[in-house]
Amino acid sequence: MHTQAQSITLFCGKVAAHFYTKPRTIWSLSMVLILSAASLPANADSRVDNSNETSYQNSLINNNDYLHYSLPDALKTQCIEHNNCPKIEIEYLKTNQQWINRIVNTRINTLIVNNDVSESGPVATTVSKQAVTQALTGFATAQFTDLPVDSSLAYQLMVTPTYLGHVGRFELFEVSTYAYTGGAHGMPYSEYLMFDSSTQKQVTLDDMVSEPKKSRFKALAYDSYKAWVKTIDEDVNSYEETWPFVLSDNVILTDQGIDIQYQPYAIGAYAYGMPTLSIPYSKLTGTLNPEFIPK
C-alpha cells in the first residue's frame, strides 16, 4: 500500500529537526506538525485487489492525524543541552468512518499506556488523554534514569495506522510501531485490524473460524510454518525445538487467502523480522466461514 507522505517539523527550544514520516512506549520533542489540509483517498496495499470497489469502499477516505505532545520544561532543557531529546511520532487514524477511527485510535492509546505491546491486549479499553500524556512523560523520564545523562542515545517510538484496502465488505488496517529504548536495535510491532462495513463491527479470528474448525485452521497454519522454516533451515524438527510453532491471532484477509503475522522472536530470531504465514483460500474452504471467502 502507498499512503501519502506527510512532512513533519519538530521544534524544541531553538532546535529543529525536519524529516518525513513512515513508522516499552512513545516519546519526543514538542511538535509543530505541517499537514495537508485535504483528506486524500488511501491507495490499496499490494496484497489486496481493490478493482471491484463498492460505493462504501469508494467513500472511505483516509489521512492520518498526529498527536501533539510536548516534553515537560525540565526534561526539555536537559535534553536540549545534550542533544538527546526523546523522539515521538504518533499518528492517529482519521477517516470519514468515525466508528473505525474510534476503535483503531483506542487501540493505539492502549498500546501507548500499556507499554508492553501484545496481540492479546484489550482493544476496546477506554484510555484517557491524561493517561496517554502521563505514559509519554513517564517514558521520556525513564530515558534519563536508564541511560547516562550525556548519552548520545535517545529513546524513540513511532506509531502508524495504515489503511490496507478491502476484501469484499471487509476493511483492513494495520497498526505498526517501532520503539527504541537503548541497545543494539529497536523493536518493531505490527497488528492487524479488520472491520465489517455491513455490521460496523470489528472482525477477529474467532469470527472467521468457528470453534469446531479451529483445529483444522491450526493444522493449516502449522503446514505453512513448516514451509516457511524450510526457507531458512533444512532441519524443521531441529528448528522447532528452539522456535516451536504457536498459532497467532494476528490475521488479515488478502486477495489470495489469509496472512498470519508474527512479532519478532515469536517463531524466529530477530534477524528473521516479523514472519508471515500464508494460507490460500483454496485450502480454507470448509474451514473459514463462507462470508470471508471472496466470491
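Description of the structure in this document. (Residues numbered from 1 in each chain as written. Predicted model: local features only at pLDDT ≥ 70, side-chain atom pairs only at ≥ 80, totals over all residues. Heavy atoms only, no water.)

Structural notes on the sheet that holds strand E12 (residues 276–280)
Rules: Criterion used throughout: strands pair if DSSP finds at least two bridges between them. Strands here mean DSSP runs of E at least two residues long; helices mean DSSP runs of H or I at least four residues long; both are numbered from the N terminus. Fitted lines through C-alpha atoms give the axes, limited to the stretch in contact for helices. The angle between two N-to-C directions lies from 0 to 180 degrees. The contact definition used throughout considers only heavy atoms, calling two residues in contact when any of these lie within 4.5 Å.
In spatial order, the strands read E10-E11-E12; together these three strands make up an open sheet with antiparallel pairing. With partners counted over all chains shown, the strands left at the sheet margins are strand E10 (251–253) and E12, one partner each. In this sheet, adjacent strand axes meet at a mean angle of 20° when their direction is disregarded. Examined bridge by bridge, E10 and strand E11 (residues 257–261) share three bridges and lie antiparallel to one another. The residue of E11 that forms the bridge with Val251 is Ile260. In the packing of helix H6 (residues 214–229) onto the sheet, the strands contacted are E11 and E12, and the crossing angle to E12 comes to about 125°.

Description of the pattern of salt bridges
Note the following rule: Salt bridge, as applied in this entry: a Lys or Arg side-chain nitrogen positioned within 4 Å of an Asp or Glu carboxyl oxygen. Each residue is assigned to one of three classes by its accessible area relative to the maximum for its type, calculated with a 1.4 Å probe on protein chains only: buried under 20%, partly exposed between the two thresholds, exposed over 50%.
Evaluation of the coordinates by the stated rule reveals five salt bridges. When the shortest N-O distance is used, the salt bridge between Glu191 and Arg107 registers 2.7 Å. Of this pair, Glu191 sits in strand E8 (residues 187–196) while Arg107 sits in helix H3 (residues 98–114), and the two are 84 residues apart along the sequence. Both residues of the pair, Glu191 and Arg107, belong to the buried class. Across the salt bridge formed by Asp196 and Arg169, the nearest N and O atoms sit 2.9 Å from each other. A residue pair is termed long-range when its members are at least 10 positions apart, and Asp196 in strand E8 and Arg169 in the loop between strand E6 (156–167) and strand E7 (170–180) qualify at 27 residues. In the salt-bridge network here, residues are joined through shared partners; they are Asp206, Glu211 and Lys214.

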